[in-house]
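Residue-level structure breakdown
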Amino acid sequence: MSGSTARFDEFETVDWMADAARERRHQLRRAEGGRRQQLLWRAYDAVESWVVVLVVGALIGLNTAMISIVTEWLSDAKLGVCRRGWWLNEKFCCWMHDQGACAAWATWDQAVLGTQAGFVRWLAFVVLGTAFATVCAWLVKVYAPLAAGSGLPEIKAILGGFVIRGFMGVWTLLMKSVGLALAVGSGLSVGKEGPAVHMGCCVGNVVSRNFARYRRSAARQREIVSAAAAAGVAVAFGAPVGGVLFSMEDLSSRFPRKTLWRSFFCALIATVSLQAMDPFWTGKLVMFQASYDRDWHMFEVLFFALIGAFGGVYGGLCIRLNLRVAAFRKRYLATRAVQEVAVLAAATTAITYLNSFTREDMGELLSYLLQECKDGDGWNGICARSNAGRVAWGLAAATLIRAVGTVLAYGCKVPCGIFVPSMAIGASFGRLVGTIAEMLQAAHPQWRLFAQCAPDTSCITPATYAFLGAAAAMCGVTKVTVSVVVIMYELTGALNFLVPTVIVVMVARIIGDAIVEGGISEQLILLNGLPFLDEEHSSSGKSGASGLEHAAEDEALLDMPVAALMRAYDDDMHVVYAEGMALAALLRLVSSTMDIRGYPVVDNERDLRLIGYVGRNAVIRALAANGLFLGQEPPQLAVMFAPGASHRHQGQVSSIHSHSGTSLSVLNLSELVNTSPVTVRPHTSAETTIELFRKLGPRVILVTSEDDGRLEGLLTRKDVLCHIRNQHR
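First, a word on scope: everything that follows refers to the structure included in this document. Owing to the predicted nature of the structure, the values given are computational and were not obtained by experimental measurement. (Residues numbered from 1 in each chain as written. Predicted model: local features only at pLDDT ≥ 70, side-chain atom pairs only at ≥ 80, totals over all residues. Heavy atoms only, no water.)

Quick look at the overall build of the protein chain now. Looking only at helices and strands, the protein chain features 27 helices and 15 strands. Of all 729 residues assigned to the protein chain, the portion counted as buried reaches 54%. Of the roughly 32000 Å² of accessible surface on the protein chain, a fraction of 60% belongs to carbon and sulfur atoms. (Helix = DSSP H or I, 4+ residues; strand = E, 2+ residues; numbered from the N terminus. Buried < 20%, exposed > 50% of the residue type's maximum accessible area, 1.4 Å probe, protein only. Areas by Shrake-Rupley, 256 points an atom, 1.4 Å probe, with all protein chains shown as cover.)

All right, on to the environment of Val197 then. Tracing the sequence through the fold places Val197 in helix α8 (residues 193-208). Judged by its relative accessible area of 0%, Val197 is buried. The sequence separation of Val197 and Gly243 amounts to 46 residues, and the corresponding C-alpha distance is 9.6 Å. Filtering out sequence-adjacent residues up to four positions away, Val197 remains in contact with Leu152, Ala229, Gly232, Val233 and Leu251. (Contact = heavy atoms within 4.5 Å.)

All right, on to the packing of helix α24 (residues 583-592) against helix α25 (residues 616-625) then. A pair of packed helices is captured by two measures, namely the crossing angle of their axes and the spacing between those axes. Their axes nearest at 11 Å, the elements α24 and α25 cross at an angle of 130°. If you check the angle between α24 and α25, you find them oblique. Our pair here, α24 against α25, has a crossing hand that is left-handed. Contacts between α24 and α25 involve Leu583, Leu586, Leu587 and Val590 from the first element and Arg616, Val619, Ile620 and Leu623 from the second. Partitioning the contact of α24 with α25 into residue classes produces 7 nonpolar, no polar and 1 charged. (Axes fitted to C-alpha atoms, helices over the stretch in contact; angles between N-to-C directions. Parallel < 35°, antiparallel > 145°, perpendicular 65-115°, else oblique. Left-handed = near helix turned anticlockwise from the far one by under 90°. Nonpolar A, V, L, I, M, F, W, Y, C, P; charged D, E, K, R; others polar.)

Where charged atoms from two side chains of opposite charge come close, those side chains can pair. A full pass over the atoms with the stated rule returns 13 salt bridges. Between Asp109 and Arg121 there is a salt bridge whose closest N-O contact spans 2.4 Å. Taken together, the positions of Asp109 in helix α4 (residues 108-112) and Arg121 in helix α5 (residues 118-143) put the pair 12 residues apart, joining distant regions of the chain. Assessed through its relative accessible area of 23%, Arg121 is described here as partly exposed. With a shortest N-O distance of 3.1 Å, Asp603 and Arg609 are connected by a salt bridge. Using a relative accessible area of 7% as the deciding quantity, one classes Asp603 as buried. The partly exposed category is assigned to Arg609, whose relative accessible area is 37%. One connected set of salt bridges, linked through shared partners, spans Glu223, Lys258 and Arg262. (Salt bridge = Lys/Arg side-chain N within 4 Å of Asp/Glu carboxyl O.)

Throughout the structure, instances matching the rule amount to 21 aromatic pairs. Relative to Phe264, the ring of Trp261 has its centre 6.4 Å away and its plane inclined at 15°; by these criteria the two rings are stacked. One end of the pair is Trp261 and the other is Phe264, both in helix α12 (residues 257-277) and 3 residues apart, which spans about a single turn. Overall, Phe264 belongs to the partly exposed group, its relative accessible area being 31%. Of the aromatic side chains, those joined through ring pairs into one cluster are Trp50, Trp261, Phe264 and Phe265. A cation over a ring is seen here: Arg262 above Trp50, with NZ or CZ 5.5 Å from the ring centre. Over the ring of Phe162 we find Arg717; its NZ or CZ atom is 5.4 Å from the centre of that ring. (Phe/Tyr/Trp six-rings, centres within 6.5 Å; stacked < 30°, edge-to-face > 60°. Lys NZ or Arg CZ within 6 Å of the ring centre and 35° of its normal.)

What follows deals with the packing of helix α18 (residues 419-443) against helix α19 (residues 462-478). Remark: α18 packs on α19, axes separated minimally by 6 Å, with the N-to-C direction vectors making an angle of 140°. Relative to α19, α18 is oriented oblique. Read as a crossing pair, α18 and α19 show a hand that is right-handed. Here α18 contributes Phe419, Ser422, Met423, Gly426, Ala427, Gly430, Arg431, Val433, Gly434, Thr435 and Glu438 to the contact with α19, which in turn contributes Pro462, Ala463, Tyr465, Ala466, Gly469, Ala470, Ala473, Met474, Val477 and Thr478. Broken down by class, the residue content of the contact of α18 with α19 amounts to 12 nonpolar, 7 polar and 2 charged.

Taken together, the side chains of Val47, Val51, Leu54, Val55, Leu59, Leu62, Met66, Ile69, Val70 and Met277 define a hydrophobic patch exposed on the protein surface, amounting to about 740 Å² of accessible area. The element best represented in the nonpolar patch is helix α2 (residues 35-77), accounting for 9 residues. Its place among the elements puts Ile69 in helix α2. Overall, the relative accessible area of 33% leaves Ile69 in the partly exposed class. (Patch = residues over 30% accessible without salt bridge, like charges linked within 9 Å, V, L, I, M, F, W, Y side chains within 5 Å.)

Before going further, it helps to examine the side chain of Gln523. Here Gln523 is to be found in helix α22 (residues 520-527). Here Gln523 falls in the buried class, since its relative accessible area comes to 16%. Within the structure, Gln523 has its side chain in polar contact with the backbone oxygen of Glu517 (distance 2.4 Å). Residues contacting Gln523, with those up to four places away along its chain left out, are Ile319, Leu323, Val516, Glu517 and Gly518. (Polar contact = N/O pair within 3.5 Å; in protein donor to acceptor, adjacent residues only side chain to side chain.)

Time to look at the state of the cysteines. Summed over the entire model, instances satisfying the criterion amount to 4 disulfides. A disulfide bridge connects Cys94 with Cys102, and the sulfur atoms are separated by 2.1 Å. Of note, the bridge from Cys94 to Cys102 carries an S-S torsion of about -85° and is left-handed in sense. Residue Cys94 is classed as buried on the basis of its relative accessible area of 12%. Two residues, Cys373 and Cys383, share a disulfide whose sulfurs are 2.0 Å apart. Around the S-S axis, the bridge from Cys373 to Cys383 shows a dihedral of about -80° and counts as left-handed. On the criterion of sequence distance, the pair formed by Cys373 in the loop between α16 (362-369) and α17 (388-409) and Cys383 in the loop between α16 and α17 is long-range, its members being 10 residues apart. (Disulfide = S-S within 2.5 Å.)

The subject of this paragraph is empty space enclosed by the protein. With the rule as written, the count across this model stands at 5 cavities of 30 Å³ or more. Along the walls of the largest cavity sit 28 residues, with Ser68, Thr71, Lys192, Glu193 and Phe280 positioned nearest its centre. Mapped onto the lining of the largest cavity, the elements with two or more residues apiece are α2, α7 (170-186), α8, α10 (218-237) and α16. Its residues assigned to classes, the lining of the largest cavity comprises 16 nonpolar, 6 polar and 6 charged. Only α2, α15 (356-359) and α16 provide two or more residues apiece to the lining of the second largest cavity. (1 Å grid on protein atoms, 1.4 Å probe; cavity = no way out; pocket = protein on both sides within 12 Å on 5 of 7 lines; lining within 4 Å. Points joined across faces, edges and corners; volume = space filled by probe spheres on them.)

Here we come to helix α21 (residues 498-515). With 18 residues, α21 extends 26 Å between its outermost C-alpha atoms, agreeing within 8% with the 26 Å of an ideal straight helix rising 1.5 Å per residue. Of the residues making up α21, those classed as buried are Pro500, Thr501, Val504, Val505, Ala508 and Gly512. In an axial view of α21, the angular spread of the buried residues amounts to 130°, which keeps them on one side of the axis. Those residues of α21 that are exposed and aimed more than 90 degrees away from the buried face are Ile510 and Ala514. Considering only its buried residues, α21 is in contact with α13 (301-332), α19 and α20 (482-492). (Expected span 1.5 Å × (residues − 1). Arc of directions from axis to C-beta.)

In the Ramachandran plot, Asp278 falls in the positive-phi region, its phi being about 45° despite a non-glycine side chain. You can see Asp278 is positioned in the loop between α12 and α13. At Leu608, a position not held by glycine, the phi torsion is positive, near 55°. One can find Leu608 in the loop between β8 (598-602) and β9 (610-615). On the basis of relative accessibility, which here comes to 3%, the residue Leu608 falls in the buried class.

All we've got here are geometric facts, nothing functional implied.
Printed below as a string of structure tokens:
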């Protein structure tokens, strides 16, 4: 098994068809009552679903607000302390004072030495940032290793039909929340938006597990996880519609209308809860919301295309370089996760402090870069034309520093996201382009390029260039388009900049796809060996060399019969016999196949004619219910799986009379057999079989002969994934 598929055995596969069948049987049992009872059950189910979504959304908003408050305090704590109370961040400490005129806030050199000392400020910034990051890495390593990273690749795998034990549990949620505040507050080039999705899914899983219908049905559980993922994106960006679209476009393999409606409601409740908490005391859902009242000019499309090209180049190179860093990390630093984070944090804080644009928290930096210049020089003199040269060099350095820091930090063993770091990088570059364009227009107003500009007025708005740069970089690294446009619109409400946003996003996507196929989540799925069957794997959406490669692969699959992929029947394939098998033989089979989820049911050992399929866990539960446990001396008993057996003693031990007149003890388990599993013939094309896995979602497809229905072999979803991954290597 190749390195990219070696971990497949760690994950369980969800059988969506079997899950749907169980849910239908449950509904039919409820329907056996009277009409009034059916109406009551339907009303209860409807109310319960909306209550779960309501609670999940409210808790996601509350959790996000608490993390935002703690993160802002930790970020400010690296710079100084409030004399009125150490627990106050700079904004609350100086609430009634102008910026720079607050005596209650003391930088660390003033607090410790009582005088100005730049080295002390730098040292405090480095020491505290390194301490926050080291504590975070230690907590994650000791208490919740699954809390590391963004969680988006794993969420995609889970929504695609695989189970990762403990990934969405209470302990993971707690450590992800605490660790995220520490990681972002430390100054590492990581964001909290990707982990916000993971935490939202944890909340959805923890809450829904308290209700029987969600414990019973994996499909209903998927609805809640999809809705929680949408709410996580919504509170991360203050964009409920964008959150729903992101969950639909990038995360969920299946998104029916019912899930769409509940996702929107969950995202709405989460954003309302966050708004009610108002963690920044600004009335804004996120720190970097902005608004624009100026329009754009046609000649600026050239600059917009340049920004889009940067977003695509940045995204492609970031993905490629980060994958190399991740491979190096897995090979050489797997046992030194805490030390790696400590060194990375020390180097990052030591360098970022020296640049005023990287010294600030990335969310706060975005709020400054996206603000339109109106009165005064703005933050750090960013609006003063006399400072344009210094600002341009500072933005260029900030773009480079953050890009390198993001490539190195994303994927280290702390909770980390890449959305806001990418947005900050893109916004820095966009503001740089806007500043240069403004300088050119001011110096050469007579150029035909600027003919649309009115004389003696501000023609170019650098803040909008920062806004477009943020969208381009985010699209470049995630390869998400529609939801990025909607998220940026919800952040600013700038309807007049909708067309420029679409332009930069499309340019970024085209150039990014030319550099590397798929977003960073898809690439990490491959690198980390996560099982995920892409619903849209085809050559239709590819271009260039990548498209030609996929076209050749698809043609090969069309010509390849499923017999070339399946596990052929031989003496090692485990089956059960419908006409009966000794209990001792069944117990040996169950105890020796711990890694198998089910068995084909054939009529007898001679003919091997397929009857159906039975799950291993269902057999174990039926045996336990009759007191027939593994490890005990089995009684003389036959077990039957024949569907035509009498229903009088289903699942129970009973006596039957043989032809010779003797009495035999039989355990009838025919009700456990799925008599209509998905089957194909050996000559069926592999492409058709793979489409069955994608569209129907079975765990296993059985292969039977053309003439007599004899079992020839079987194919699992993991077998398909192994074949696809090996083709892509």
